[in-house]
Amino acid sequence: MSELLWDDVKSFFDLEWEGCLPDVWVTGTTVRDWQAVLDLIAVSAWRSEYSEGGVVMPTPCAGDVLSRPADAECAYLRVWPTPDVLAIFRLQSAEEIGFDVDLRELQGQERLDVLCGLLRAIGRRLGKPVVMTPEGDWDQSHPVLGFDPESDRVVLLAEPPIS
């Protein structure tokens, strides 16, 4: 059974209301947490591609990426939990793990289940909450849904807007 039902959450996946690329966050992290996520991706069936400044290269260890100079090229890890769903991780800070998902790829119950599976896998690996916020909610003050480690499931964190 699905953790969330599409009919209950589809308003959060509206491209005009949420923005196209909502942000997903894990806060209070360390280099060790980042490495745990990189290890999870490496052992999963997910395809991934690491790049710095647009140049694709082998994925380094988290400590190497996060200790690069502040003016270094942006480091991204693109992860496809399924061939048609992409998450783009921004390797910028040890203190938080952040990535984007594309709502255009997350329409319907099957795709919602893929997202929930990704959030659940990361949250379980880290033992920490994983929250999705509207695009540009950098202070993470408006979480919409996320993995709750206490209940060990993805839950709604906000009331859907009235249509």
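Here is what the cut-offs are and how they apply
Residues numbered from 1 in each chain as written. Predicted model: local features only at pLDDT ≥ 70, side-chain atom pairs only at ≥ 80, totals over all residues. Heavy atoms only, no water. Helix = DSSP H or I, 4+ residues; strand = E, 2+ residues; numbered from the N terminus. Buried < 20%, exposed > 50% of the residue type's maximum accessible area, 1.4 Å probe, protein only. Contact = heavy atoms within 4.5 Å. Areas by Shrake-Rupley, 256 points an atom, 1.4 Å probe, with all protein chains shown as cover. Core = buried A, V, L, I, M, F, W, Y, C linked by side-chain atoms within 4.5 Å. Disulfide = S-S within 2.5 Å. Pairing = 2+ DSSP bridges. Axes fitted to C-alpha atoms, helices over the stretch in contact; angles between N-to-C directions. Polar contact = N/O pair within 3.5 Å; in protein donor to acceptor, adjacent residues only side chain to side chain. Expected span 1.5 Å × (residues − 1). Phe/Tyr/Trp six-rings, centres within 6.5 Å; stacked < 30°, edge-to-face > 60°. Lys NZ or Arg CZ within 6 Å of the ring centre and 35° of its normal.

## Re the overall build of the chain
Link 1 in the chain: A tally of regular secondary structure across the chain gives five helices and nine strands.
Link 2 in the chain: Overall, the chain is about 45 × 30 × 30 Å in size when its C-alpha atoms are taken along their principal axes.
Link 3 in the chain: In the chain, which comprises 163 residues, the proportion classed as buried is 45%.
Link 4 in the chain: Long-range pairs, those at least 24 residues apart, make up 65% of the contacts in the chain with a sequence separation of at least 6.
Link 5 in the chain: Surface exposure of the chain reaches about 8,400 Å², of which carbon and sulfur atoms provide 52%.

## Let's talk about the nonpolar core
Link 1 in the chain: Of all hydrophobic cores here, the largest spans 45 residues; its most connected members are Phe 13, Phe 89, Leu 91, Phe 99, Leu 119 and Ile 122.
Link 2 in the chain: With eight residues, the single largest contributor to this core is helix α5 (residues 109–126).

## Concerning the state of the cysteines
Link 1 in the chain: In the structure shown here, the tally under the stated rule is zero disulfides.
Link 2 in the chain: Not engaged in a disulfide, the cysteine Cys 74 finds its nearest cysteine sulfur in Cys 61; these two sulfurs lie 19 Å apart.

## So, the sheet that holds strand β7 (residues 130–133)
Link 1 in the chain: With antiparallel pairing, the nine strands of this open sheet are ordered in space as β3-β2-β4-β5-β6-β1-β7-β8-β9. Only two strands of the sheet have a single partner each, and these edge strands are β3 (55–57) and β9 (153–156). With strand direction ignored, the average angle separating the axes of adjacent strands in the sheet is 25°.
Link 2 in the chain: Judged from the six bridges that link them, strand β2 (residues 47–52) and strand β4 (residues 75–82) form a sheet pairing that is antiparallel. By the bridge assignment, Ser 51 is partnered in β4 with Tyr 76.
Link 3 in the chain: Along the sheet, helix α3 (residues 31–43) makes contact with β2, β4, β5 (85–90) and β6 (96–101), crossing β6 at roughly 40°.
Link 4 in the chain: Along the sheet, α5 makes contact with β1 (23–27), β4, β5, β6, β7, β8 (145–148) and β9, crossing β8 at roughly 40°.

## Side note on the pairing of β2
Link 1 in the chain: Pairing analysis gives three bridges linking β2 to β3, with the strands arranged antiparallel. Note on β3: the bridge partner recorded for Tyr 50 is Met 57.
Link 2 in the chain: The loop that links β2 with its antiparallel partner β3 comprises two residues; one of these, Gly 53, has a positive phi angle of about 60°.

## A short note on the side chain of Thr 133
Link 1 in the chain: Considering the arrangement of structural elements, one finds Thr 133 in strand β7.
Link 2 in the chain: Polar contacts involving the side chain of Thr 133 include one to the side chain of Trp 25, which spans 3.3 Å.

## A short note on α5
Link 1 in the chain: With 18 residues, α5 extends 26 Å between its outermost C-alpha atoms, agreeing within 8% with the 26 Å of an ideal straight helix rising 1.5 Å per residue.
Link 2 in the chain: By the burial criterion, the buried members of α5 are Leu 112, Val 114, Leu 115, Cys 116, Leu 118, Leu 119, Ile 122, Gly 123 and Leu 126.
Link 3 in the chain: Just past α5, the residue Gly 127 takes up positive phi, approximately 70°.

## Things to note about the side chain of Ser 51
Link 1 in the chain: Topologically, Ser 51 is positioned in strand β2.
Link 2 in the chain: Of the polar contacts made by the side chain of Ser 51, one reaches the side chain of Arg 78; its length is 3.5 Å.

## Quick notes on the packing of aromatic side chains
Link 1 in the chain: Evaluation of the coordinates by the stated rule reveals three aromatic pairs.
Link 2 in the chain: With a centroid separation of 5.4 Å and 55° between ring planes, the pair formed by Trp 6 and Phe 13 is classed as tilted.
Link 3 in the chain: When its relative accessible area of 15% is taken as the criterion, Trp 6 is described as buried.
Link 4 in the chain: Where Trp 34 meets Phe 89, the ring centres are 6.5 Å apart and the plane angle is 70°; that geometry is what we call edge-to-face. Linking Trp 34 in helix α3 with Phe 89 in strand β5, this pair joins segments that are 55 residues apart in sequence. Per residue, the accessibility class of Trp 34 equals that of Phe 89, and both read buried.
Link 5 in the chain: An aromatic cluster of three or more residues is present, and its members are Trp 34, Phe 89 and Phe 99.
Link 6 in the chain: The cationic tip of Arg 47 hangs over the ring face of Trp 80; the distance from NZ or CZ to the ring centre is 3.7 Å.

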